[in-house]
Amino acid sequence: MKNTKDDSVFFVHGLDSFFVRVYARRAVFADDAFPFNEGDVKEFSERYTIFKKSKKFTPSDYACLNKYYNIDFLILPKNQDFKEYAPLFSNDFWLVYNISSFNTNELLCSTP
């Protein structure tokens, strides 16, 4: 993750997103961390709802989501790969995809 911009945003599945926050010092789209400020609760709730629904997302779904939110990368467990797309990084456990490489038909994208 050191090869990503400091303001990159990660969508994380199957990995404790606190590792991304603390060790890589990168933002995550949503996780179980409740916001500190009352004014952030609405956005947190919207993002958390999307996050909970995302377990069955396709690459196209992530591409659509990227139209509404600035999400740069997707981290998935190795066994949940998208065979039609090459990851930017992989090891024995994880895959990292650049969400901007995912294709979608923008006409099919709806507000999350």
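All values derive from a computational prediction rather than experimental measurement. (Residues numbered from 1 in each chain as written. Predicted model: local features only at pLDDT ≥ 70, side-chain atom pairs only at ≥ 80, totals over all residues. Heavy atoms only, no water.)

**Points about helix 2 (residues 41-53)**
Point 1. Helix length check: helix 2, at 13 residues, gives a terminal C-alpha distance of 18 Å against a target of 18 Å (1.5 Å per residue), a fit within 8%.
Point 2. For helix 2, the secondary structure elements touched by its buried residues are strand 1 (9-12) and helix 3 (59-68). (Helix = DSSP H or I, 4+ residues; strand = E, 2+ residues; numbered from the N terminus. Expected span 1.5 Å × (residues − 1). Contact = heavy atoms within 4.5 Å.)

**Quick look at the nonpolar core**
Point 1. Formed by 19 residues in total, the largest nonpolar core has its most connected members in Phe-11, Phe-29, Leu-74, Phe-82, Tyr-97 and Phe-102.
Point 2. Broken down by secondary-structure element, the contributors of at least two residues to this core are strand 1, helix 2, helix 3, strand 3 (73-77) and strand 5 (94-98).
Point 3. Per-element accounting of this core gives the leading share, three residues, to helix 3.
Point 4. Contacts of Phe-11, omitting those with residues within four sequence positions, involve Phe-29, Phe-51, Ser-54, Tyr-62, Leu-65, Ile-71, Phe-73, Leu-74 and Ile-75.
Point 5. Formed by seven residues, the second largest nonpolar core is a distinct cluster that contains Phe-10, Val-20, Val-28 and Phe-73. (Core = buried A, V, L, I, M, F, W, Y, C linked by side-chain atoms within 4.5 Å. Buried < 20%, exposed > 50% of the residue type's maximum accessible area, 1.4 Å probe, protein only.)

**Some remarks on the pairing of strand 5**
Point 1. For strand 3 and strand 5, the ladder comprises five bridges, and the chain directions are antiparallel. Looking across to strand 5, one finds that Phe-73 is bridged to Asn-98.
Point 2. Sheet analysis places strand 4 (residues 89-90) next to strand 5, joined by two bridges and oriented antiparallel. Residue pairing for strand 5: Phe-89 is matched across the bridge by Val-96.
Point 3. The antiparallel hairpin formed by strand 4 and strand 5 contains three residues in its connecting segment. (Pairing = 2+ DSSP bridges.)

**Focus on the sheet that holds strand 1**
Point 1. One open sheet accounts for five strands, arranged 2-1-3-5-4; its pairing is mixed. At either margin of the open sheet sits one strand with a lone partner, and together these are strand 2 (27-28) and strand 4.
Point 2. Sheet analysis places strand 1 next to strand 3, joined by three bridges and oriented parallel. Note that in strand 3 the partner of Val-12 across the bridge is Ile-75.

**Description of the pairing of strand 1**
Point 1. The alternating pattern of strand 1 places Val-9 and Phe-11 and Phe-10 and Val-12 on opposite faces, both of which are buried.
Point 2. Sheet analysis places strand 1 next to strand 2, joined by two bridges and oriented parallel. In the sheet register, Phe-10 faces strand 2, and the bridge partner there is Val-28.

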